[in-house]
Amino acid sequence: MNTSAALDRISPSPTLGVTARVNALKRAGVDVIGLGAGEPDFDTPDFVKEAAIEAIRRGQTKYTNVDGTAELKEAIVAKFARDNHLTYTPDQISVNVGGKHTLFNALVATFAGGTPVIAPAGPEQNYKLSPEALEAAITPRTKWVILNSPSNPTGAAYSADELKALGAVLLRHPQVWVLADDMYEHIVYDGFRFATIAEVVPELYERTLTVNGCSKAYSMTGWRIGYAGGAPWLIKAMAKLQSQSTSNPCSVAQAAAVAALTGDQSFLAARNEAFRVRRDLVVSALNAIPGMSCPTPEGAFYVYPSFAPLIGKTTPKGVVIADDEAFVTYLLDEARVAAVQGAAFGLSPAMRISYATSDALLTEACARIAEACAALR
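Residues numbered from 1 in each chain as written. Predicted model: local features only at pLDDT ≥ 70, side-chain atom pairs only at ≥ 80, totals over all residues. Heavy atoms only, no water.

Per an unreviewed UniProt entry, the chain goes by the name Aminotransferase class I/classII large domain-containing protein and belongs to Salvia splendens. In UniProt, the chain has this text filed under Sequence similarities (unreviewed entry): "Belongs to the class-I pyridoxal-phosphate-dependent aminotransferase family." The Cofactor (unreviewed entry) comment attached to the chain in UniProt states, word for word, "pyridoxal 5'-phosphate". (UniProt positions renumbered as here; feature names shortened; annotations may be inferred.)

S.K.: Explain the side chain of Ser 219 to me, and be specific about the residues and the numbers.
M.R.: Residue position: Ser 219 is located in the loop between strand 5 (208–213) and strand 6 (226–229). A distance of 3.3 Å separates the side chain of Ser 219 from the backbone oxygen of Phe 42, its partner in a polar contact. Aside from chain neighbours lying at most four places away, what touches Ser 219 is Pro 40, Phe 42, Asp 43, Thr 44, Cys 214 and Arg 271. (Helix = DSSP H or I, 4+ residues; strand = E, 2+ residues; numbered from the N terminus. Polar contact = N/O pair within 3.5 Å; in protein donor to acceptor, adjacent residues only side chain to side chain. Contact = heavy atoms within 4.5 Å.)

S.K.: Pulling in residues and values, what's your account of the sheet that holds strand 10 (residues 351–354)?
M.R.: On the basis of which strands lie adjacent, the open sheet formed by three strands has the order 7-10-9 and antiparallel pairing. The two strands at the open ends of the sheet, each matched to only one other strand, are strand 7 (302–303) and strand 9 (340–341). Note that strand 7 and strand 10 share two bridges and pair antiparallel. Note that in strand 10 the partner of Tyr 302 across the bridge is Ser 354. (Pairing = 2+ DSSP bridges.)

S.K.: Could you give me a rundown of helix 1 (residues 14–27), with the residues and numbers involved?
M.R.: Given a rise of 1.5 Å per residue, 14 residues ought to cover 20 Å, and the 20 Å separating the end C-alpha atoms of helix 1 matches this to within 8%. The complete set of buried residues in helix 1 reads Thr 15, Val 18, Val 22 and Leu 25. For helix 1, the buried positions fall inside an angular range of 90 degrees around the axis, keeping them on one side. Of the residues in helix 1, the exposed ones pointing more than 90 degrees away from the buried face are Leu 16 and Arg 27. (Expected span 1.5 Å × (residues − 1). Buried < 20%, exposed > 50% of the residue type's maximum accessible area, 1.4 Å probe, protein only. Arc of directions from axis to C-beta.)

S.K.: Which residues make up the environment of Ala 52, and what values do they have?
M.R.: In this structure, Ala 52 sits in helix 2 (residues 46–57). C-alpha of Ala 52 to C-alpha of Tyr 63: the two residues are eleven residues apart in sequence and 15 Å apart in space. Contact partners of Ala 52, with chain neighbours within four places excluded, come to Trp 223, Val 252 and Ala 256.

S.K.: Residues and numbers for the UniProt feature "domain: Aminotransferase class I/classII large" (unreviewed entry) in the chain, please.
M.R.: On the UniProt side, "domain: Aminotransferase class I/classII large" (unreviewed entry) is annotated at positions that read residues 110–369 here. Taken end to end, residues 110–369 is 36% helix and 12% strand, and its first and last C-alpha atoms sit 44 Å apart.

S.K.: Residue-level account of the sheet that holds strand 5, with values.
M.R.: Taken in spatial order, the five strands of this open sheet run 2-6-5-4-3, and their pairing is mixed. Unpaired on one side and paired on the other, strand 2 (93–96) and strand 3 (144–148) mark the two borders of the sheet. Pairs of neighbouring strands in the sheet enclose a mean axial angle of 20 degrees, with direction left out of account. Bridge analysis of strand 2 against strand 6 gives four bridges, and the strand direction is antiparallel. Bridging from a neighbouring strand, Asn 96 pairs with Gly 226 of strand 6. (Axes fitted to C-alpha atoms, helices over the stretch in contact; angles between N-to-C directions.)

S.K.: Which residues make up the packing of aromatic side chains, and what values go with them?
M.R.: Taken as a whole and judged by the stated rule, the model has 15 aromatic pairs. Ring centres 5.5 Å apart and planes at 85 degrees place the aromatic pair Tyr 127 and Tyr 304 in the edge-to-face group. Of this pair, Tyr 127 sits in the loop between helix 4 (99–111) and helix 5 (131–137) while Tyr 304 sits in the loop between strand 7 and helix 11 (324–335); the two residues are 177 residues apart in sequence, bridging distant segments of the chain. Accessibility classification places Tyr 127 together with Tyr 304 in one group, the buried group. For the pair Trp 144 and Trp 177, a centre-to-centre distance of 5.9 Å together with 65 degrees between the ring planes defines the contact as edge-to-face. With Trp 144 in strand 3 and Trp 177 in strand 4 (residues 177–181), this residue pair connects regions lying 33 residues apart in the sequence. You'll find Trp 144 and Trp 177 in the same group, each marked buried. (Phe/Tyr/Trp six-rings, centres within 6.5 Å; stacked < 30°, edge-to-face > 60°.)

Shown next as structure tokens:
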């Protein structure tokens with residue numbers, strides 16, 4: 001039996017591949033610093049853990065409604081109102097097995113077999129889509145525009161004014177829907193005010209799917225809870241698909257998500273400050289390396305340094321650094337630092353570094369990167 005032709009259209013996750021290799025090296029006793037994983041190093045808050053434990057004790061271990069419990073949907077409705085000034089009803093809410101699942105359900109329900117078009121958003125645009133680039137990418141066949149802010153992999157975030165400018169383009173194209181991936185909403189720095197497009201361009205509310213989850217802000221990557229607010233017909237279509245695939249998200253994880261969204265949010269500020277310190281440490285250290293240029297991101301916990309001057313150089317073992325994949329392989333093999341090549345995200349030569357680890361490890365990792373770069377000829 002052969003694999004499906006549809007499977008040939010996708011590749012394994014490079015990020016998860018890097019993480020798996022780092023874990024294998026660590027199990028073998030190798031001193032490797034992993035900066036590839038897209039998850040906070042902070043633990044899930046204790047009050048969230050306790051809510052999950054209590055849910056188990058209450059026997060909340062059975063099937064739930066396919067796309068989320070009533071309690072969680074109400075908590076999500078309240079969250080959207082509190083944080084984003086968006087009004088939804090429970091029939092406009094979908095709960096899924098992580099944010100990837102939310103995106104998968106939405107696109108398969110509306111766009112299966114479509115061809116993705118990548119609009120340019122390079123360093124000269126601060127890694128953000130311009131209104132001109134968006135206009136140029138839209139055709140009469142365009143169905144969706146996906147906006148991720150703050151962004152994975154660059155940490156770039158759209159201001160309210162920037163979203164309004166993109167919204168002005170989209171208002172001229174009524175066939176285009178907007179998928180706002182807001183997973184890093186609460187991880188922003190330097191007074192940046194997060195905004196989502198349905199909030200600042202209310203005329204787009206009816207054709208926007210606003211996506212979020214518990215993974216990043218609440219350090220719940222393994223709990224696998226993503227969610228979205230959108231048009232009732234789309235939410236219903238996503239539920240139909242989910243009913244024949246995963247069924248409901250984990251009942252215990254849903255109870256934990258209720259606690260996360262409705263509980264005390266004050267811990268977020270302290271964690272953000274820790275992330276900001278780490279961001280500044282890494283940006284400063286990488287920019288001190290000849291041949292490397294690292295912008296300062298507005299949010300998330302990634303930096304995306306470029307290193308075009310290093311391409312074509314030779315390692316001490318005589319290997320030519322032909323591209324960014326060769327560069328990150330060199331870092332892992334020789335410096336024992338793991339990052340993800342920019343080619344995995346469609347923009348090279350660069351790499352994604354996650355600074356969601358301790359200051360001490362980040363300092364050591366940057367020193368190792370600097371030493372490895374200095375050894376290139």
